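# Chain and residue survey
Each chain is listed here by its residues.
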Amino acid sequence: MIMRIFQVVVRPGKEAEFSNFFHETAIPLMKGTPGIVSVLPGAPRADSPREFSFVMIWENLDALKAFVGEDYQSPHIDPAEAELVESRTIRHYDLVET
């Protein structure tokens, strides 16, 4: 399985607008995506008020590529959220099952 960690930093003043998108669009979309085993959304804390994240567990690399395309190592975002986001990062790991 593949662990995908996606993080965004929202532009100052866009926190509420992005939060709305995150809760009403992004979380339901990810939870309903074929190939996703688990979705762990992360909302801002007082020490990181503009940071949001997703930790996603994918069945395999093929399932991830079916969702984001061959360029899975680039952080893709919905065009509707592009103007809200200052920066984004993406990391992938092999899930270690214990």
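Residues numbered from 1 in each chain as written. Predicted model: local features only at pLDDT ≥ 70, side-chain atom pairs only at ≥ 80, totals over all residues. Heavy atoms only, no water.

### As for the sheet that holds strand S2 (residues 36-42)
Sheet strands associate in pairs through backbone hydrogen bonding, adopting either a parallel or an antiparallel arrangement. Rules: Only strands joined by at least two bridges in the DSSP assignment are considered to pair. What counts as a helix is a DSSP run of H or I of at least four residues, what counts as a strand is a run of E of at least two, and both are numbered from the N terminus. The axes are straight lines fitted to the C-alpha atoms, using for helices just the contacting stretch, and the angles between their N-to-C directions are given from 0 to 180°. In what follows, residue pairs with any heavy atoms lying within 4.5 Å of each other are defined as contacts.
Ordered in space as S2-S3-S1-S4, the four strands form an open sheet in which the pairing is antiparallel. Both outer strands of the open sheet, S2 and strand S4 (85-94), are each paired with one neighbouring strand and no more. Direction aside, the axes of adjacent strands within the sheet are offset by 15 degrees on average. Relative to strand S3 (residues 51-58), S2 runs antiparallel, the two sharing six bridges. Paired with Val39 across the bridge in S3 is Met56. The strands touched by helix H1 (residues 15-31) are strand S1 (2-10), S2, S3 and S4; relative to S3, the strand with the most contacts, the crossing angle is about 5 degrees. Most of the contacts of helix H2 (residues 61-68) go to S1, to which it runs at about 35 degrees, and overall it touches S1, S3 and S4.

### Regarding the environment of Tyr93
The cut-off we apply is this: The buried label goes to any residue with under 20% of its type's maximum accessible area, the exposed label to any with over 50%, and the partly exposed label to all in between, with areas taken from a 1.4 Å probe on protein chains only.
Summarising the element assignment, Tyr93 is placed in strand S4. Classification of Tyr93 by relative accessible area gives partly exposed; the value is 41%. For Tyr93 and Arg4, which are 89 residues apart along the polypeptide, the C-alpha to C-alpha distance reads 6.6 Å. In this structure Tyr93 touches Met1, Ile2, Met3 and Ile5, once residues within four positions along its chain are discounted.

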